[in-house]
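Secondary and tertiary structure notes
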Amino acid sequence: MVYLNGNFIKKNKAFVSVMDRGFLFGDSIYEVLPVYEGNIFCMKPHLDRLDNNLKTVNIPNPHTSEKWAKLLRELLAHQPKHKHQYIYLQVTRGCDVDRKHTYDKLEPTVYMQSTSFEDSNRDEYLLGASAITRDDIRWSQCNIKVTSLLANIMYAQEAKQNNVEEVILCRDNVVTECSSSNLFIVKNGCVYTHPKGPHILPGITREVVLECADYCGINTEEVPISKEDLFDADEVWISSSTREVLPITKIDSVLINQGQVGEIWPLVYDRFQVEKSLNG
Ligand code: PDD
């Protein structure tokens, strides 16, 4: 069952008009929320980011946080009992009578679905994953979680064709984030990640990873990372709601830390697992 504009219905019965601005222009905002053992992880930060993003693009938030929380729980109650799942939530500006770039007051379209997913596997993650680097061709408001993801899906497809996990994006020799995750490096015991700003999505998982590192007594710094710093790193990780924190040990055929997962990643990963069990 999925949720569309007030109703829980079967996915194959859920239709949106061709006049919906989400369809015509990608004029919409989305969120992806992980759910562990029925508990929505970091629900408040996700709903806060949704609210901020809707404000930024001037789409009225159709619900209060309390109402969103209620709808999310109802959506989960309509799912088969998956151990872990992730909720995809989308709010479009709504449907107009005809296609035009400008808009007047419209009723937002709200869509939500939940999909089962496998929890991260420590042993698999310890094998390390690969990535490639590419120039970032996206616009300069990557901090807004908009559904216009053409560049991101082109990168994702390239990653798939190259049999790698992710594409690391580079602007003017600074590595910012990846096509669908944030980026971290470790050098001499300190964790570095790009500062919040227009060139990265302020990932919810990114915050949790920084908190976990902090908890473990590891220094963290939010500073720009050059491409040279990336290849010279002791460890490289990526983070997202569907991957948690995943070590990268090979980039563009270059081995990081001789292809081995470093010493800091397991500390942060293990703390992340504790956060998952605490935060419902
Ligand atoms: N992607 N950067 C980009 C470009 C992303 O698309 C994502 C998430 C992140 C990590 O954000 P968070 O930790 O809040 O998931 C960073 C989601 C999962 C997606 O598009 O499916």
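Our subject is the structure listed above.
All chains use their own residue numbering, which begins from 1 and follows the written sequence. Where local features are concerned, this predicted model is filtered to residues with pLDDT of at least 70; where side-chain atom pairs are given and counted, the filter is 80 or more; whole-chain, interface and lining totals use all residues. Calculated side-chain values reflect all of the structure's heavy atoms, with hydrogen atoms and water omitted.

**Thoughts on the site of the ligand**
Note the following rule: Residues are classed as near a molecule or strand on a simple rule: at least one heavy atom within 4 Å of it. Shrake-Rupley sampling with a 1.4 Å probe provides the accessible areas, and residues are treated as covered by the protein chains on show and by no other component. Every definition here rests on a 1 Å grid over the protein atoms only: cavities are sets of points where a 1.4 Å probe fits but cannot get out, pockets are open sets enclosed by protein on both sides within 12 Å along at least five of seven lines, and lining residues have some atom within 4 Å of a point. Put plainly, a molecule is in a cavity or pocket when over half of its atoms are within 2 Å of the grid points there. Helix and strand assignments follow DSSP, with helices taken as H or I runs no shorter than four residues and strands as E runs no shorter than two, numbered in order from the N terminus.
As a structural note, the neighbourhood of the ligand is formed by 19 residues, with Tyr 30, Glu 177, Ile 204, Thr 205 and Ser 241 the closest of them. Here the ligand, which alone exposes 490 Å², has 89% of that area covered by the protein. Because more than half of its atoms lie within 2 Å of the grid, the ligand is assigned to the largest pocket. The set of elements that each furnish at least two residues to the shell around the ligand consists of strand E3 (28–36), strand E9 (174–178), helix H6 (204–215) and strand E14 (235–240).

**Things to note about the packing of H6 against helix H8 (residues 264–278)**
Convention followed: Orientation is described by lines fitted to C-alpha atoms, with helices fitted over the stretch in contact, and by angles between N-to-C directions that extend from 0 to 180 degrees. In these notes the angle categories are as follows: under 35 degrees is roughly parallel, over 145 is roughly antiparallel, 65 to 115 is roughly perpendicular, and the rest is oblique. Note on convention: near helix rotated counterclockwise from far helix by under a right angle means a left-handed crossing. Clockwise means right-handed. Contacts were defined at the residue level, with two residues in contact if any of their heavy atoms lie within 4.5 Å. Only Asp, Glu, Lys and Arg are considered charged, only Ala, Val, Leu, Ile, Met, Phe, Trp, Tyr, Cys and Pro nonpolar, and every remaining residue, Gly among them, polar.
For the pair H6 and H8, interaxial distance at closest approach is 9 Å and the crossing angle is 110°. Judged by the inter-axis angle, H6 sits roughly perpendicular to H8. Of the two elements, H6 crosses H8, and the hand of that crossing is right-handed. From H6, Thr 205, Val 208, Val 209, Cys 212, Ala 213 and Tyr 215 reach across to H8, where they touch Val 268, Arg 271, Phe 272 and Glu 275. Of the residues in the contact of H6 with H8, the class split is seven nonpolar, one polar and two charged.

**Digging into the environment of Pro 60**
To be explicit about the condition: Categorising residues by exposure relies on relative accessible area from a 1.4 Å probe, with only protein chains included: less than 20% of the type maximum marks a residue as buried, more than 50% marks it as exposed, and the intermediate range marks it as partly exposed.
One can find Pro 60 in the loop between helix H2 (43–56) and helix H3 (65–77). Looking at Pro 60, the relative accessible area reads 49%, which means it is partly exposed. Along the primary structure Pro 60 and Leu 150 are separated by 90 residues, whereas in three dimensions their C-alpha atoms are 25 Å apart.

**Things to note about the pattern of salt bridges**
Quick reminder of the rule: Counted as salt bridges are all cases of a side-chain nitrogen of Lys or Arg within 4 Å of a carboxyl oxygen of Asp or Glu.
Applying the stated criterion across every chain, the model contains 24 salt bridges. Between Arg 93 and Asp 27 there is a salt bridge, and its shortest N-O distance comes to 2.7 Å. A residue pair is termed long-range when its members are at least 10 positions apart, and Arg 93 in the loop between strand E5 (84–92) and strand E6 (109–116) and Asp 27 in the loop between helix H1 (21–25) and E3 qualify at 66 residues. When its relative accessible area of 7% is taken as the criterion, Arg 93 is described as buried. By relative accessible area, which is 12% here, Asp 27 ends up buried.

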